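# Observations on the model geometry
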Amino acid sequence: MYGYGEILRIDLSSGDISTEPIPSQVIRKYVGGEGINDWLLWQHFTKVDPKIDPKGPDNVLIAGLGPLGGTATGLGSKMKFTFKGPAWNMFGDSVAGGTFGTAMRYAGYDHIVVTGRADKPVYIWIDDDKVEIRDASAHWGKGVKEAVKGIRDELGDTDMSVACIGQAGENLVSYASVTVTEERSAGRTGAGCVFGSKNLKAIAARGSKGISVSDPKGYLEATDEIYHRLKSDPTHWGFRKNGTLGVVGFYDRIGGNAYRNNQFSMVPPEKIKVMLARWFADNMKTHDFACSTGCTMGCCQICEVKGHESPLAERYKGLTGEGPEYFTVATFGMGCDIPDYAAITHFHHACNDYGMDLGEIGGAVPFLMELWERGIIDEEDTKRWCGEPIRFEWGNVEAVEKTIQSVGLQNDRLGEILKDGLVKAAQNIMEEKDVPVQQYVIHGKGGATFHEEIRSFPIWALNFAVASRGCDHLKGLNMMDKGFRKDISKAWFGSEKAGEGYTPDLKGKAAARSENHTTAINITGVCVFRTALNPLNIDLDLMARAYTALTGIELNGEELYLAGERTYNLEKAFNSRLGLRREDDTLCDRWMKEPIKEGPGKGMKAEDWFDDLLDEYYEYHGWDKKTSLQTRKKLEALDMVDVLEVLENEGAATE
Amino acid sequence: MVIKVRFEGPIKDAARSEGEDIKLEGTNVGQLIGALADRYGPRFKEFLIDEETGGYKEGILILSGGRRMDLDTELEEGQELVFIPAIAGG
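All of these numbers come straight from a predicted model, not from anything done at the bench. (Residues numbered from 1 in each chain as written. Chains lettered and ligands numbered in written order. Predicted model: local features only at pLDDT ≥ 70, side-chain atom pairs only at ≥ 80, totals over all residues.)

To continue, consider the overall build of chain B. Within chain B, the secondary structure is distributed over three helices and five strands. At 12 Å, chain B has a C-alpha radius of gyration in line with the 12 Å of a compact globule built from 90 residues. Principal-axis analysis of the C-alpha atoms places the extent of chain B at approximately 40 × 25 × 25 Å. Relative to its full complement of 90 residues, chain B shows a buried share of 39%. Expressed as a percentage of contacts within chain B between residues at least 6 apart in sequence, the contacts between residues at least 24 apart total 52%. (Helix = DSSP H or I, 4+ residues; strand = E, 2+ residues; numbered from the N terminus. Rg over C-alpha atoms; globule rule 2.2 N^0.38 Å. Buried ≥ 20, exposed ≤ 12 C-beta atoms within 10 Å, placed from the backbone. Contact = placed C-beta atoms within 7 Å.)

What follows is the structure in structure tokens.
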């Protein structure tokens, strides 16, 4: 079949390995990537109780890359890991660039389904048709870089693509990540923990088969159109110049940053100045870098710490590799008040090497620092927790260093407190201290994330409250209210209101449609950073044209959108089976009740508009407003009667 | 009147300037862009304005006090405007 590979199944309990084609009717409904990953997850949990412990052997780990991933489409390649998420005990998936997904596809496999649990540490080695489960004892206990080097040395290929966990995954930290060749992190929701729970250290892949194209001429015409449209887009050049670091300055202008555990939304000017993309480019950046196959943008940035650039640079002298993303700057630079790119880059690398989600740790450390500021925890506590009287003062790099190490190695009480995420950590501390601390926890839907000011941007706030994988900005990535994109709002809704800043108007509909649209992109296997952020530039019709030329399967933009909507509904259905309802789609007290103290969004707080927008959001999705459950009418319209039957049997759908 | 303009990201490259205080004959943002195009050349205007529609190109933002300024927005003496592309991500 043009443009598609097979499904590879590996059972680590029995050692059985098999392959099968992707059923054509499944391709029609879910296209690929996230869509077929979700279908495989759904199939697994029709045979296995979805309420299982996600850290147990009955969970499933699915790796997949969509049909446009690994090709020359020009929009990059983003693979997905999909599983029941141990971080927040709901649907889980996590995305990464790098070359692993491409290597997997070039070996002939679009999706890998790993079940069971090995009785000792192993890694999977895929070399075209040869698939082996190999002993990983020599690599267990090691950080990602050392383990990947060991695996590559053992297999005699220094360039091989490897998806690998660090110590955090081995130690079953619920938000452990998978680091992919070698600095791209599948960070969110605990893919690394699922690896660890299966005694799976890594998957290494090498492929030589390439991807067949149905209509090479039509495909090249479509990719040429994509390239020229990208070139005409000013925001593309912004992204290309600075990557996500450009967000620092933009958010500073619109009150979109979050400072010191989001107590504030404006960072002091002297601190923002040294966190701007320009500072990084002038002082640390060596060159641009494209993280994945087929990317024509190259928004990653390689850097070197020479030792004199910043107050803390000497400590990290010699550090080289990928620079941080906005995510890391927001976490450590703003959240912990460490405005120093050398330190921020070091922490970025440390989290990737131990293999833990920067988002969850990015919620945890600023939280501990606020508790310290308020006198709720002190040196006696930290000495008891980690043997040293660490001071969690704002800006203390020692506190961040110790926290990352403790979480990764799980060798002290501090690590244990933080092992199952921020919300559980707060419960642990409340039990120990007998003092309420929940009001300082920044979370959405029970999970932590990096901080940005969302109270003044209701679409983003809703994203954080409702995303199928928990607190998240990527499931419904969009620029309508944050970027004041009246043009997108007009094109999608016939009204500019969703593009008007600092108002709730139309923002519920915009959040819902953004989820379907972003998912439609994710099922094709390309990166969302240009496609979702500027959907008027690279529209779904153009992506569908490239898909049709690649695969020979007729598809238009509307059908691609529907497949995205269907996929998102599958994720929703998974969570409904677990008992998640409207009351779970929520935001923390600070975001709901505390008004913004300064900046353009001053005075805004989520409780003023949250319930009305949630109604609008469910309504647009065609879900029941009272319960949030999917309706028979909607699932029938999406040709998801098989899903409807499962839900109705469990009382998890409405009429 | 005098308007303070500041350029960010690729708009700075298009203008080959960080920004400046500019004396403006007109009264609104569209007229300001016309004056800036005379100063920085047609490449600057091409980067900001869609030739077909006459509106902003997708994602181009002109902000004042964190709020978007449309082409017909009236300006005030001494107002500071930031020219910036709208991006997000993490």
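The next thing to look at is the overall build of chain A. Looking only at helices and strands, chain A has 28 helices and 15 strands in total. Relative to the compact-globule value of 26 Å for 655 residues, chain A shows a C-alpha radius of gyration of 23 Å, a close match. On the principal axes, the C-alpha backbone points of chain A span a range of 60 × 60 × 50 Å. Taking all 655 residues of chain A together, 65% fall into the buried category. Long-range contacts, defined here as pairs at least 24 residues apart, represent 68% of the contacts in chain A between residues at least 6 apart.

Turning our eyes to something else, we now look at the packing of helix H19 (residues 458–466) of chain A against helix H21 (residues 507–522) of chain A. Residues and elements named next belong to chain A. Taken N-terminus to C-terminus, the directions of H19 and H21 make an angle of 55°; their axes are 9 Å apart at the nearest point. It follows that H19 is oblique to H21 by the angle criterion. Here H19 and H21 pass one another in a crossing that is right-handed. Residues Pro-458, Ile-459, Leu-462 and Asn-463 of H19 touch H21, and the partners they reach there are Lys-507, Gly-508, Ala-510, Ala-511 and Ser-514. (Axes fitted to C-alpha atoms, helices over the stretch in contact; angles between N-to-C directions. Parallel < 35°, antiparallel > 145°, perpendicular 65-115°, else oblique. Left-handed = near helix turned anticlockwise from the far one by under 90°.)

As a further point, take helix H20 (residues 486–493) of chain A. What H20 of chain A keeps buried is the set Lys-486, Asp-487, Ile-488, Ser-489 and Trp-492 of chain A. Immediately beyond the C-terminal end of H20 of chain A, within one or two residues, lies Gly-494 of chain A, with a positive phi of roughly 70°.

Residues and elements named next belong to chain A. Strand order in the open sheet made by the six strands is E2-E1-E6-E3-E4-E5, with mixed pairing throughout. Each edge of the open sheet is held by one strand with a lone partner, namely strand E2 (17–21) and strand E5 (90–96). Direction aside, neighbouring strands of the sheet carry axes that sit 20° apart on average. (Pairing = 2+ DSSP bridges.)

Next up on the list: the domain arrangement of chain A. Residue and element names in this part refer to chain A. As far as domains go, chain A holds domain 1 (6–206), domain 2 (242–440) and domain 3 (458–536 + 556–649). For domain 2 versus domain 3, the distance between C-alpha centres works out to 28 Å. Contact residues are listed per partner, giving 13 residues for domain 2 and 12 residues for domain 3. Considering only residue class, the side of domain 2 that touches domain 3 consists of six nonpolar, seven polar and no charged. (Domains from an automatic or database assignment. Nonpolar A, V, L, I, M, F, W, Y, C, P; charged D, E, K, R; others polar.)

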